[in-house]
Amino acid sequence: MTETASRRFFDVPPVWLVAALLFAWMQVRHFPMGLSFGPVWADLLGGLLVGGGVLLMSLAVMEMRRHQTSFHPHHDSARLVQSGIFSRSRNPIYLGDMMVLTGLILYWDAVLSLPLVPLFLWFLERRFVIPEENRLRRTFRMDYARYCEKVRRWV
């Protein structure tokens, strides 16, 4: 495997999500600072966000497989998927990543890690979403433009 291929293999959102989660987990284990979101509601909301995020990602991957196109962020898409969960969000997998991160931060009471959420969103947009959108725009032209008019980037 070449260095570029190796870098692209590891430069995928799940790897960055795991890195953010490790940071949050280390923060709460080593620097809790006595902060907490409160008893039950954070656990419940955190669990709902994690479960919802995993469900969202699963629905998106199944829809992309059904249309026989790649869900790898560095590969070109064979088809523009506009059905299923993609009729509600142009980026359901990344949205699911955000939900999982937020949910586990809440569940772990990692209060000081909350700034990771907007930072992770910014990183996902710059590193993955915008380049993907540019590739889709070049490949599918007017179909993609119409899709963008109908469906928001996130929700």
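Up top is the structure these notes are about.
About the thresholds
Residues numbered from 1 in each chain as written. Predicted model: local features only at pLDDT ≥ 70, side-chain atom pairs only at ≥ 80, totals over all residues. Heavy atoms only, no water. Core = buried A, V, L, I, M, F, W, Y, C linked by side-chain atoms within 4.5 Å. Buried < 20%, exposed > 50% of the residue type's maximum accessible area, 1.4 Å probe, protein only. Helix = DSSP H or I, 4+ residues; strand = E, 2+ residues; numbered from the N terminus. Salt bridge = Lys/Arg side-chain N within 4 Å of Asp/Glu carboxyl O. Expected span 1.5 Å × (residues − 1).

Any chance you could explain the nonpolar core here in plain terms?
Grouped burial of nonpolar side chains is what soluble globular proteins tend to show. Core analysis: the biggest nonpolar cluster contains 38 residues, and Phe 86, Leu 101, Ile 105 and Phe 120 have the highest contact counts within it. Those elements that place two or more of their residues in this core are helix H2 (13-30), helix H3 (40-66), helix H4 (92-108) and helix H5 (116-150). With 10 residues, the top contributor of residues to this core is H5.

Which parts of the structure should I look at to understand the pattern of salt bridges?
Pairing between side chains becomes possible if they bear opposite charge and their charged atoms approach one another. For the structure on display, the rule yields 8 salt bridges. Put simply, Asp 11 and Arg 127 hold a salt bridge, and the shortest N to O gap is 2.1 Å. One end of the pair, Asp 11, is in the loop between helix H1 (3-10) and H2; the other, Arg 127, is in helix H5, with 116 residues separating them in the sequence. When its relative accessible area of 10% is taken as the criterion, Asp 11 is described as buried. By relative accessible area, Arg 127 is classed as partly exposed at 32%. A salt bridge links Glu 133 to Arg 153; the nearest nitrogen and oxygen atoms lie 2.6 Å apart.

What should I look at first to understand unusual backbone geometry in this one?
Note: most residues except glycine have negative phi, and most peptide bonds are trans. At Asp 109, a residue that is not glycine, the phi angle is positive and equals roughly 60 degrees. With respect to the secondary-structure elements, Asp 109 resides in the loop between H4 and H5. The class for Asp 109 is partly exposed, based on a relative accessible area of 21%. Here Arg 141, not a glycine, exhibits a phi torsion of approximately 40 degrees, which is positive.

Whenever I open this one, H3 confuses me. Can you help?
Side chains three or four residues apart in an α-helix point the same way, a direct result of the helix having 3.6 residues per turn. End to end, H3 covers 39 Å across 27 residues, agreeing with the expected 39 Å (1.5 Å per residue, within 8%). Among the residues of H3, those classed as buried are Ala 42, Gly 46, Leu 49, Gly 53, Leu 56, Met 57, Ala 60, Glu 63 and Met 64. Positioned one or two residues after H3, Gln 68 has a phi angle of 55 degrees, which is positive.

By themselves, these figures tell us nothing about what the structure is for.
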